[in-house]
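Reading the structure
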Amino acid sequence: MRCLRRSLRTPGRWAVAVALTAWAAAPAVGTEAPTFVPVTDAMLRDPDPADWLSWRRTTDGHGYSPLDQITRENVASLQMIWTRALREGSQSGTPLVYDGVLYMPNPADVMQAIDAVTGDLLWEHVRPVAPEIRNSVYWPLGSNNRNVAIYDNLIIDASSDAHVFALEARTGRPVWETPILDPGNEGYVIQGAGPIIANGKAVSGRSCMPEAGPDACVITAHDALTGAEVWRRRTVPAPGEPGDETWGEVPFEERVHVGSWMPPSYDPELNLVLAGTSVTAPAPKFMLDGVDKDYLYHNSTLALDGDTGEIRWYYQHMRDHWDLDHPFERLLVDTVVAPDPETVRWLNPDLVPGEKRKVVTGIPGKTGIVYTLDRASGEFLWATPTIAQNVVFDIDGATGAVSENEDFVFTALGQMHLICPGAVGGKDWEAGAYSPLTNAMYMPMRNVCMPAMATDSPDASLAILGLAVDYTLAPGKEMQGTVYAVSAETGRILWVHEQRASTTSLVATGGGLVFGGDVNGRFKAFDQDTGEVLWEINLGSPVTGFPISYAVDGRQYVAVSTGHSGISSLLLRMTRELRPSAGNNLFVFALPE
């Protein structure tokens, strides 16, 4: 039935006018609107291979397309098919593609529907943003629009001023809009975490800057059809709630900045939303109530009940004194678990090697450490480092409890340490990918450390976190960027690619390829088995968007965007011979017809 549906509908039949204001125009007079087949939960669980229906295509976070027309043998013939400029601002968008239409989130709450074959604009929605939000010190981050969701006939997004809203997918008309927080507080500016769909609910998190207070640090679920709030989960406990004691004598109103600023993953069988969280403010724990407390639920994985938002289990990856957030993609994988004791640093002694488990794995934080947990219970299974890190000293295999390296824990103002990795990672928001063909995860990493000082100066580089930092290449390293291929079964590092420019987000495909970019504007195709670069093009500007692959009428495409990013600028300071431009553009590639 899927193939019949696709053959009867083509993207060129959409007759809608371009809207350059906040309201999308209606279909042209005298034309018949085509049938739009609503997107269902079943379709999101098992998408048509031609479509890309969620942030990482599927809600398990894999970033994998089964399309296999573009292969290791023919990728050298890949050519650019079309390109389109995007709106100004901090740009790191992920396209969605459904039935030949590409939906592209632009910076500053701008959404576009584009013909996925020709690059022609079908409609554009420009949502007004209040001047106090645009003038906020957080606007460069808040203008990010990393991802959107599709459900039924709606495109759903989270705004820069703490709303969630829906547009009609066919026309761009606004359908509903719901405030999440009081938009008058500039600390509520969203840092680019759009929603995913979890059983009919749009689930998204906040970045919650300190002045917004603890009630802004929430993950929320809204009915995807109506916008009505279903639940909200605060990521810091209030007095009397579980975890309150972990904050000691810190007043509730000062328990701030524990954000969940990247999209979560969702397991429909367990009905679990798997979300990650960030560091407290300030980061050095002596500035709160001592270095011996956990301050839940910062730098944790939270497993939330999809219907209620209740925390079913949590795992804290570290007590973070250095701004080493852990909010990144969680990979939900069903795999044999057989970590290699010769290469994997930390193991659960009760693990039965060779047993198949439902796990949540990947590199969830800036430390670059791979963590693998049981998805249903949160039981620690194994963990191992990748890039150089000096902050995690040990992990108790039996309990999963993490011990920080006391030599680098701040205990007084003015103390300085060389912390590896730096606050830009290690691993950062640029997403890795997982391929079921190899049962391996592919992770974009960087060899960066930071001289850091604990400070209460309002002029410090990370003043809101109580830190003054700079960035440098890791000792002994000349190559800033890396890609690590790691077995999800054994934890072995299968291959490592190193290069001068820092690497960015990846996508794996059924053709045996891993596509990814870097901050010097190069976009590449790697052999999934060896890491060999099989194809490369210079796009001119940092590859800041999340790449995808889709198909229309049997032809496979690869899409990725470039643009301005504050992180890219920081990274390029360490490799000053690299001098890309900073243009926001969307690029689409395919094999010659």
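Look up a bit, the structure's there.
Quick summary incoming for the structure in this document. All values derive from a computational prediction rather than experimental measurement.

A tally of helices and strands in the chain yields 5 helices and 40 strands. Expected size for 593 residues packed as a compact globule is a radius of gyration near 25 Å; at 22 Å, the chain falls within 12% of this value. Projected onto its principal axes, the C-alpha coordinates of the chain cover approximately 70 × 50 × 50 Å. Buried residues in the chain amount to 66% of all 593 residues. With an accessible surface of roughly 19,900 Å², the chain has 51% of that area assigned to carbon and sulfur atoms. In the chain, the 44 positive side-chain charges and the 72 negative ones have mean positions that sit 5 Å from each other.

Under the definition given, this model contains 2 disulfides. Here Cys208 connects covalently by a disulfide to Cys217, the sulfurs 2.3 Å from one another. Here the disulfide of Cys208 and Cys217 is right-handed, its torsion about the S-S bond being about 100 degrees. You'll find Cys208 and Cys217 in the same group, each marked buried. Between the sulfur atoms of Cys420 and its disulfide partner Cys449 the distance amounts to 2.0 Å. Residues Cys420 and Cys449 are joined through a disulfide that is right-handed, its torsion about the S-S bond being 110 degrees. Residue Cys420 is located in the loop between β26 (416-419) and β27 (433-435), and its partner Cys449 is located in strand β29 (residues 448-454); the two are separated by 29 residues in the primary sequence. On the accessibility criterion, Cys449 (0% relative accessible area) is buried. Along the chain, the cysteines engaged in disulfide bonds are linked according to the scheme 1-2, 3-4 when indexed in sequence order.

The subject of this paragraph is the nonpolar core. Across soluble globular proteins, nonpolar side chains show a tendency to be buried alongside one another. In terms of nonpolar packing, the biggest core is built from 72 residues, with Tyr103, Ile156, Phe515, Phe523 and Tyr550 touching the most fellow members. In terms of residue count, strand β40 (residues 585-590) provides more of this core than any other element does, 5 residues in total. In this structure, Val256, Val279, Leu373 and Val402 belong to the second largest nonpolar core, which totals 45 residues.

Hydrogen bonding along the main chain pairs the strands of a sheet, whether they run parallel or antiparallel. Read from one edge of the open sheet, 5 strands run β1-β34-β35-β36-β37, paired in mixed fashion. Edge positions in the open sheet fall to β1 (64-65) and β37 (533-538), since each of these has one partner strand only. Inspection of the sheet shows strand β36 (residues 522-527) paired to β37 by 5 bridges, in the antiparallel sense. Bridge pairing in β37 places Lys524 opposite Glu536.

What follows covers the layout of surface pockets. Its boundaries defined by the atoms lining it, the second largest pocket holds a volume of some 400 Å³. Lining the second largest pocket are 20 residues, and of these Arg45, Thr58, Asp60, His62 and Leu332 lie nearest its centre. Here the lining of the second largest pocket takes 3 residues from strand β19 (residues 331-337), the largest share from any one element. Of the residues contributing to the lining of the second largest pocket, the split by class is 9 nonpolar, 3 polar and 8 charged.

Another point: the environment of Thr220. With respect to the helices and strands, the residue Thr220 is situated in strand β13 (residues 218-223). You can call Thr220 buried: its relative accessible area is 0%. Taking C-alpha positions, Thr220 is 9.4 Å from Pro195, a pair spaced 25 residues apart along the chain. Polar side-chain contacts of Thr220 include one of 3.2 Å to the side chain of Arg206.

With that settled, consider the side chain of Asp115. Here Asp115 lies in strand β5 (residues 110-115). Buried charge without a salt bridge: Asp115, with Arg84 as the nearest opposite-charge side chain at an N-O distance of 10 Å. In terms of polar contacts, Asp115 uses its side chain to reach the backbone amide nitrogen of Val117, at 2.8 Å.

Turning our attention to unusual backbone geometry. In the segment running from Leu296 into Tyr297, the intervening peptide bond is cis, with an omega of 5 degrees. Non-glycine residue Arg57 carries a positive phi angle of around 75 degrees. Assignment of secondary structure puts Arg57 in the loop between α2 (41-45) and β1. The phi torsion at Asp109 lies on the positive side, around 65 degrees, for a residue other than glycine. With respect to the helices, strands and loops of the structure, Asp109 is situated in the loop between β4 (101-106) and β5. Taking relative accessible area as the criterion, Asp109 reaches 2% and is therefore assigned buried.

Thresholds applied
- Residues numbered from 1 in each chain as written.
- Predicted model: local features only at pLDDT ≥ 70, side-chain atom pairs only at ≥ 80, totals over all residues.
- Heavy atoms only, no water.
- Helix = DSSP H or I, 4+ residues; strand = E, 2+ residues; numbered from the N terminus.
- Rg over C-alpha atoms; globule rule 2.2 N^0.38 Å.
- Buried < 20%, exposed > 50% of the residue type's maximum accessible area, 1.4 Å probe, protein only.
- Areas by Shrake-Rupley, 256 points an atom, 1.4 Å probe, with all protein chains shown as cover.
- Lys, Arg positive; Asp, Glu negative; His and termini not counted.
- Charge placed at Lys NZ, Arg CZ, Asp CG, Glu CD.
- Disulfide = S-S within 2.5 Å.
- Core = buried A, V, L, I, M, F, W, Y, C linked by side-chain atoms within 4.5 Å.
- Pairing = 2+ DSSP bridges.
- 1 Å grid on protein atoms, 1.4 Å probe; cavity = no way out; pocket = protein on both sides within 12 Å on 5 of 7 lines; lining within 4 Å.
- Points joined across faces, edges and corners; volume = space filled by probe spheres on them.
- Nonpolar A, V, L, I, M, F, W, Y, C, P; charged D, E, K, R; others polar.
- Polar contact = N/O pair within 3.5 Å; in protein donor to acceptor, adjacent residues only side chain to side chain.
- Salt bridge = Lys/Arg side-chain N within 4 Å of Asp/Glu carboxyl O.

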